[in-house]
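Residue strings, one per chain:
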Amino acid sequence: LTDFYRKVVKARKSEPIFREGSFAFVYADSDILCYERRDRGEKVVVILNRGKDQYEIQTAETGKDVVRGMEGKVFSLKAPNS
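Colleague: Can you tell me about the pairing of strand E4 (residues 55–65), naming the residues and giving the values?
Modeller: The element E4 is barely covered by neighbouring structure, given that only 1 of its 11 residues are classed as buried. Relative to strand E5 (residues 70–77), E4 runs antiparallel, the two being bridged by 7 bridges. Residue pairing in the sheet places Gln58 in a bridge with Val74 of E5. The loop that links E4 with its antiparallel partner E5 comprises 4 residues; one of these, Gly69, has a positive phi angle of about 75°.

Encoded structure:
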C-alpha cells in the first residue's frame, strides 16, 4: 500500500493536470470513485476501487495506468489489497 501511495504522489507532482484545471465527478458508488481533470486540451480520468471485487474498465481511447505504467483500452481495477 505504501508503494501505491508513493506512485500516486509521484504522478501528482510530475503532472500539472493533477493539481490544476477543472475537476468533475463522473461516477461514484460505495466501491468506485471516478473523476476527471481537464486543462489546456488535456483530460485525465481517475478511477479508484476501494471495494473487495475486481472490475474491468474498457475505454474508448487508449489510456495509461500511471500507477502500473500500462497502456491500453482495457484496465483491471483490483481490490486495494490484491
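Colleague: I'd love a proper account of the environment of Ile17, names of residues and values included.
Modeller: One can find Ile17 in the loop between helix H1 (2–14) and strand E1 (22–28). Discounting chain neighbours no more than four positions away, the residues touching Ile17 are Arg37, Arg38, Asp39, Glu42, Lys43 and Val44.

Colleague: Any details on the packing of aromatic side chains? Residues and values, ideally.
Modeller: All told, the structure shown has 3 aromatic pairs when counted by the stated rule. Here the aromatic rings of Phe23 and Phe25 are separated by 5.1 Å at their centres, their planes lie at 85°, and the arrangement is edge-to-face. Since its relative accessible area comes to 42%, Phe23 is described here as partly exposed. What makes Phe25 exposed here is its relative accessible area of 58%. Ring centres 4.9 Å apart and planes at 35° place the aromatic pair Phe23 and Tyr35 in the tilted group.

Colleague: Can you lay out the environment of Lys73 for me, pointing to particular residues and giving the numbers?
Modeller: Tracing the sequence through the fold places Lys73 in strand E5. Looking at Lys73, the relative accessible area reads 41%, which means it is partly exposed. Between the C-alpha atom of Lys73 and that of Glu61, which follows or precedes it by 12 residues, the distance is 6.3 Å. Within polar-contact distance, the side chain of Lys73 engages the backbone oxygen of Ala60 at 3.5 Å.

Colleague: Could you give an account of unusual backbone geometry, naming the residues involved and the relevant values?
Modeller: Of note, Arg40 is a non-glycine position whose phi angle comes to about 50°, a positive value. For Arg40, the location among the structural elements is in the loop between strand E2 (32–39) and strand E3 (42–49).

Procedures and definitions
Every chain begins its residue count from 1, and numbering advances along the sequence as written. With pLDDT at 70 or above as the cut-off, local features in this predicted model cover only qualifying residues; side-chain atom pairs require 80 or more to be listed or tallied, and sums for whole chains, interfaces and linings still use all residues. To obtain the side-chain values, all non-hydrogen atoms of the structure were used and water was disregarded. Under the scheme applied here, a residue whose accessible area is under 20% of the maximum for its type counts as buried, over 50% as exposed, and between as partly exposed, the area being computed with a 1.4 Å probe on protein chains only. Strands are runs of DSSP state E lasting at least two residues, helices are runs of H or I lasting at least four, and both sets are numbered from the N terminus onward. Here, a strand pair is defined by DSSP locating no fewer than two bridges between the strands. Residue contacts are counted whenever heavy atoms from the two residues lie within 4.5 Å of one another. Two aromatic rings, drawn from Phe, Tyr or Trp (for Trp, its six-membered ring), form a pair once their centres lie within 6.5 Å of each other, and the interplanar angle then sorts them: stacked below 30 degrees, edge-to-face above 60, tilted otherwise. Here a polar contact means two N or O atoms within 3.5 Å. Within protein one must be a hydrogen donor candidate and the other an acceptor candidate, and residues neighboring in sequence count only if both atoms are side-chain atoms.

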